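Structural overview for review
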Amino acid sequence: QVQLVESGGGLVQAGGSLRLSCAASGRSVSSFVISWFRQAPGLERDFVAASGSVTKYADSVKGRFTISRDRAKNTVYLQMNSLKPEDTAVYYCAAALDADSYLCPVEYDYWGQGTQVTVSS
């Protein structure tokens, strides 16, 4: 019903910036909760940011990352500034019509394929 495709990942030096994009197709996601998660090898998938009726951020990225959306383009963005090596992970976007707990990955109905972000020191 909804397809999500992430892009914009890559290799960047510590202190640099990247902007990730999550393009949705199949239907409008303007009424969905859209979130970003990240996962490093061998670790759990961690919540990063959510855009819905309100905007939420993980403590680890507050002040550095900004989630935004262009509803006309059916696209959500994650602007990442002041990147640190510990931000290195595969970043996923996810969508849910109704998320009882936006922090929990199982609440999300649709997921993208992920995009790799690597921050070098």
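Reading the values: the criteria
- Residues numbered from 1 in each chain as written.
- Predicted model: local features only at pLDDT ≥ 70, side-chain atom pairs only at ≥ 80, totals over all residues.
- Heavy atoms only, no water.
- Salt bridge = Lys/Arg side-chain N within 4 Å of Asp/Glu carboxyl O.
- Pairing = 2+ DSSP bridges.
- Helix = DSSP H or I, 4+ residues; strand = E, 2+ residues; numbered from the N terminus.
- Buried < 20%, exposed > 50% of the residue type's maximum accessible area, 1.4 Å probe, protein only.

Let's talk about the pattern of salt bridges
By the definition in use, this model includes three salt bridges. Asp59 is the salt-bridge partner of Lys62, the closest N and O atoms lying 3.1 Å from each other. Connected via shared salt-bridge partners are Arg38, Arg64 and Asp87.

Here we look at the pairing of strand β3 (residues 18-25)
In this structure, strand β1 (residues 3-7) lies alongside β3, joined through five bridges in antiparallel fashion. Residue Val5 lies in a different strand from β3, and its bridge partner there is Ala23. Sheet analysis places β3 next to strand β8 (residues 75-80), joined by six bridges and oriented antiparallel. Bridge assignment links Leu18 to a residue of β8, and that residue is Met80.

Here we look at unusual backbone geometry
Phi is positive for Asn74, close to 55°, though the residue is something other than glycine. With phi around 50°, Ser82 is a residue other than glycine that occupies positive phi space. If you trace the backbone, Ser82 turns up in the loop between β8 and β9 (89-96). By relative accessible area, which is 42% here, Ser82 ends up partly exposed.

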